[in-house]
Structure formats: C-alpha cells, structure tokens
Amino acid sequence: MNISESKRLFSEAQDYIPGGVNSPVRAFKAVGGNPLFIKSANGAFLYDEDGNEYIEMINSWGPMILGHNHPLIQEAVIKAMESGTSFGAPTAKEVEIAELITSMVPSIEKVRMVNSGTEATMSAIRLARGFTGRDKFIKMEGHYHGHGDSFLIAAGSGAMTMGNPDSPGVTSGTAKDTLLAPYNDLDAIRKLVEANPGEIAALILEPVPGNMGLCLPQVGYLEGLREICTTEGIVLIFDEVMTGFRLSKGGAQELFGVTPDMTTLGKIIGGGMPVGAYGGKKEIMDFVSPAGPVYQAGTLSGNPIAMSAGLAMLNELNNNPQVYNELNEIGVKISSGVKEINSDLGLDYTVNHLGSMYSLFFSNQTIQNFEDAKGSDLKMFGKYFQAMLKRGVYLAPSQFESLFLSTALTDDLIGKILAAHQESIKEIHS
Ligand code: HOZ
C-alpha cells in the first residue's frame, strides 16, 4: 500500500502541529506506523491522500450513523451556507432542534447547545455544582468526558492510549474534588457517598462506556446508581456523547429504561459538525444563565450550519426508527462473525457488542471495567490494527476505543470485513 503522501504530510505536520495531529489518538502512537491523512469520505468508505480506500469502522468517532456524506445532511449544510455562517444571535433552527431533542429524549426538558462534548460535560458539572451547592463529583475509572481539567483523572480514550490518564497541568486543588469509582461496582459508589456525606454534587458516567473499549452495564447497575443518586440528592449525569441517538432514538437511557437528571450530547447532534449540548430537568437547567446564576456562553453555540446538519440527521433518525434494527443487525453480523472465526481458530478473545458499537479485546477475560480492559494485550491489538489496515479496513487506532458502525455497511462489505478479520487474526498468530 502506497502511503507516501500521508508520510510526507505527517512529517511536515510535525513542524507546525504538536505531534503532527490535532487530537492525540490520530497519531497512531498506540498501534505504530504512519497516520493516514484523509482526503474524503463517502458512505462506508474513507479515502486517504494517496488514493487508498478503506472500509470505515470509526465513523468520526460516532456521528456518521448513516454513513459519510449523507445526501440529506450535505443538502442541509449547503442550503444553510447560503444564508451565512455565524450570527452570534438566536435563530429559529435552535428552537427547532431543541424541541426535537426534547421530544426524542424525554428526560431532557430543556437543552443548551455548545460546541463539543468537552464543553457539554464541563458545563454540566458546573451546573450540577451550582444547583446543589456542593463541590465534589464522582466519575468512573476509564470513562472519558472530554479534556476538561476535572475529568482528566483516570481518564480513558486518548488519555489512556497515550499513557496519561492523569494529565500534568491538572492542579491537585481541582483533582481533589473528582472522586473515582470502578464501573459496574455499586458498593464502591455507596462507600464514596458514605465517606463524603452531603458533599457530592453529581455522578457522571458513560452509561455504556466506549472510551476503554466497549463495556456493558451489569444488570441492575444503572438502576442502582439512579436509586443512590435520588436518595442522596446527587445529580445523575449520563454522558451520551457516543450513545445518544446511536443505541436507540432516546439513547442508552431509553434502551436501559433508566432516567438521568442530566444528559450530555456531542458530535452526533451536529451530524458530524462541531456541536455538543447538555440538558435535563427544567429545574436544573433553569439555573443556567440568563435564566439562572450559573454562567456559560459561546459565540458559536447553536451555530446555524451545525444546527442545520444536526436537524437533518435527527429528523432522519426520528422519522425512520427501523434504522436501529438495521444498525443492530449489522452489529450482530460483525460481532458474531468475528467470534465464530476466532473460535474456529481456537481463540477466545472477548467481544463486547451492543447495537452498532463493538470492541474486540485481546484478552480472554470478561471485560466490564477499566482494570479488565487494561489487561488486554496491546501489542497484539497493534498488530491486528495494522493487519486490518493493510486489508483496507480502518479501525480505531487504540484498544481503548469502541468501534462505531453505520447503516452504509452492506452485507457485501460486512463479508469483506470478516474476510479481512480472518486473514488478519491468522497472520498475527502465525
Ligand atoms: N477521543 C476521541 C474518541 N474517544 C478521539 C478524537 C479524535 O482523535 O478525533
């Protein structure tokens, strides 16, 4: 495979951009080799600067549920562009998308648009603190809520991939208010609550975490968290940046029937444009400025181009609920195909799957928290990644990321992915 132009660009990029990339996981440090510089994407495919084609299994880390360059989203963006790119003033589209989000996710009674998932989670924690008058919050080990200071403690995703789950630059003053618990462990939460009575403002988690690879909540776990938070007056925040509108129309909260007090959303609600949002109960959201005293603002918040893309995407999902059956079928075909191939070869690597999210862990242990995920064979993952790439399948370049599937994956492409998997897994064990 010729990737000379990607190599040239990466070398040049390192002179001007730290590490040559604008987000660390993209540098391929965890898997070796040269990152690919992407020129375009369409449907289920990515195309690099050297003209190579890849079947896509990241989908911009989630938002391309319908595949890249969906005609409805493209059309909406082009039309919006004709009316200007940013006004820094309210628009009708913001009202329309807020109404749509609140109808699709009923726990969100009011919603505030921001520009990324990071902004959404930072703002949500500030609001929970302002609302409760408490300082501390609980986060789960290996969960990733963007790069706000107070979240970069035992953080998953790129932080873990780069070996910096606790980032330098986060002051001990900030870190002391972040309480950590292992995922899927209700007793650990009870102990934290007991040790910090009346001091915990919020508990934030990815209900279905994708940033330590995909893990699933044990039966009763989310319900248990809900109960503790209700009893203790703790604001329960579901970070659904990855799962919102992907696992079901109403996100993980609809799928598991557990209602949080607040929800954070990200790139999906912008159809891939830079967008985030946080929302929840009216009484909490009305604490946000200018309705209430907790300050949060942004010139680009509710940007008209991003809102148009998001509206096109959400309307399409809202009007076609069968999309979720399709996504689930695609997920089942890929994950069960991978398991079958592995088992035929006598390999019992763990496959976690839910709907259109999926992870293959190079471990034969059950993976249900950060400790488990860290036990995976990362060298083997790196070899597998390269073997798949060589065969034209583009995976997330880290064991600590979920894969995201799209409706653009036809049976033919699924067959190609599974064939690539079979050859790759054989190759790395030969
Ligand atoms: N941390 C992001 C996924 N969980 C990756 C962002 C990117 O590199 O684009």
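Our structure is the block above this text.
To start, this report covers the structure provided alongside it. Numbering of residues begins from 1 in every chain and follows the order in which that chain's sequence is written. Two thresholds apply to this predicted model, a pLDDT of at least 70 for residue-level local features and 80 or more for giving and counting side-chain atom pairs, whereas whole-chain, interface and lining totals are computed over all residues. The side-chain figures draw on all heavy atoms in the structure; neither hydrogens nor water molecules are used.

**What about the overall build of the protein chain?**
Okay, step 1: The helix and strand labels rest on DSSP assignments: H or I over at least four residues marks a helix, E over at least two residues marks a strand, and numbering proceeds from the N terminus. Across its full length, the protein chain holds 15 helices and 14 strands.
Okay, step 2: In terms of C-alpha radius of gyration, the protein chain reaches 21 Å, essentially the compact-globule figure of 22 Å for 430 residues.
Okay, step 3: Projected onto its principal axes, the C-alpha coordinates of the protein chain cover approximately 60 × 55 × 45 Å.
Okay, step 4: Each residue is assigned to one of three classes by its accessible area relative to the maximum for its type, calculated with a 1.4 Å probe on protein chains only: buried under 20%, partly exposed between the two thresholds, exposed over 50%. Burial analysis of the protein chain (430 residues in total) assigns 57% to the buried set.
Okay, step 5: In the protein chain, the share of contacts with a sequence separation of at least 24, taken over all contacts with a separation of at least 6, comes to 72%.
Okay, step 6: Per element, the accessible surface of the protein chain, about 17500 Å² overall, is 51% carbon and sulfur.
Okay, step 7: Charged-residue counts in this description rest on Lys and Arg as positive and Asp and Glu as negative, His and the chain ends being excluded. One atom stands in for each charge, and that atom is NZ of Lys, CZ of Arg, CG of Asp or CD of Glu. Charge-centre separation for the protein chain: the mean point of 32 positive side chains lies 3 Å from the mean point of 48 negative side chains. Throughout, the radius of gyration refers to the C-alpha atoms, and the reference size of a globule is 2.2 Å times the residue count to the power 0.38. The criterion used for residue contact is that any of the two residues' heavy atoms lie within 4.5 Å. For every accessible area listed, the method is Shrake-Rupley and the probe measures 1.4 Å; residues are considered covered only by the protein chains on display.

**With respect to the layout of surface pockets**
Okay, step 1: In this structure, the second largest pocket spans a volume of roughly 430 Å³.
Okay, step 2: Where the lining of the second largest pocket is concerned, the elements lending two or more residues are α3 (92-104) and β4 (110-114).
Okay, step 3: In this count, Pro and Cys sit with the nonpolar residues alongside Ala, Val, Leu, Ile, Met, Phe, Trp and Tyr, while Asp, Glu, Lys and Arg are called charged and the others, Gly among them, polar. Its residues placed into classes, the lining of the second largest pocket shows 12 nonpolar, 10 polar and 2 charged. Of the grid points, spaced at 1 Å and generated over the protein atoms alone, those admitting a 1.4 Å probe that cannot get out make up cavities, while open sets with protein on both sides within 12 Å along at least five of seven lines make up pockets; any residue with an atom within 4 Å of a point is treated as lining. Grid points are joined across faces, edges and corners, and a volume is the space filled by probe spheres set on the points.

**With respect to the sheet that holds strand β3 (residues 53-56)**
Okay, step 1: Strand pairing is assigned whenever DSSP detects at least two bridges linking the two strands. Pairing in this open sheet of 4 strands is mixed, and the strands run β1-β2-β3-β13 from one edge to the other. On the outer flanks of this sheet lie β1 (38-42) and β13 (393-394), each paired with one strand and no other.
Okay, step 2: Pairing of β3 with β13, which is carried by 2 bridges, proceeds in the parallel orientation. If you follow Ile 55 over to β13, its bridge partner there is Val 393.
Okay, step 3: All axes here are fitted lines through C-alpha atoms, helices being fitted over the stretch that makes contact, and every angle between N-to-C directions spans 0 to 180 degrees. Packed on one face of the sheet, helix α15 (residues 411-429) meets β2 (45-48), β3 and β13 and runs near 100° to β3.

**Remarks on the packing of aromatic side chains**
Okay, step 1: Note on aromatic pairs: the rings of Phe, Tyr and Trp (six-membered ring only in Trp) are paired at centre separations within 6.5 Å, and the planes decide the class, stacked below 30 degrees, edge-to-face beyond 60, tilted for the rest. Applying the stated rule across the entire model yields 11 aromatic pairs.
Okay, step 2: Ring geometry for Phe 28 against Tyr 394: centres 6.4 Å apart, planes inclined by 45°, an arrangement best described as tilted. Of this pair, Phe 28 sits in the loop between α1 (4-16) and β1 while Tyr 394 is found in strand β13, placing the two residues 366 residues apart along the sequence. Across the pair, exposure class does not vary: Phe 28 and Tyr 394 are buried alike.
Okay, step 3: With a centroid separation of 5.3 Å and an interplanar angle of 85°, the aromatic rings of Phe 131 and Phe 287 are classed as edge-to-face. Separated by 156 residues along the polypeptide, Phe 131 in helix α4 (residues 117-132) and Phe 287 in the loop between α10 (282-285) and α11 (304-319) bring together distant segments of the chain.
Okay, step 4: Since its relative accessible area comes to 28%, Phe 131 is described here as partly exposed.
Okay, step 5: Among the aromatic residues, ring-to-ring pairing joins Phe 28, Tyr 54, Phe 385 and Tyr 394 into one connected group.
Okay, step 6: Each ring is checked for a lysine NZ or an arginine CZ that lies within 6 Å of its centre and within 35 degrees of its normal; such an atom marks a charge sitting over the ring. Here the guanidinium or amino end of Lys 374 rests over the ring plane of Phe 370, the centre of that ring lying 4.7 Å away.

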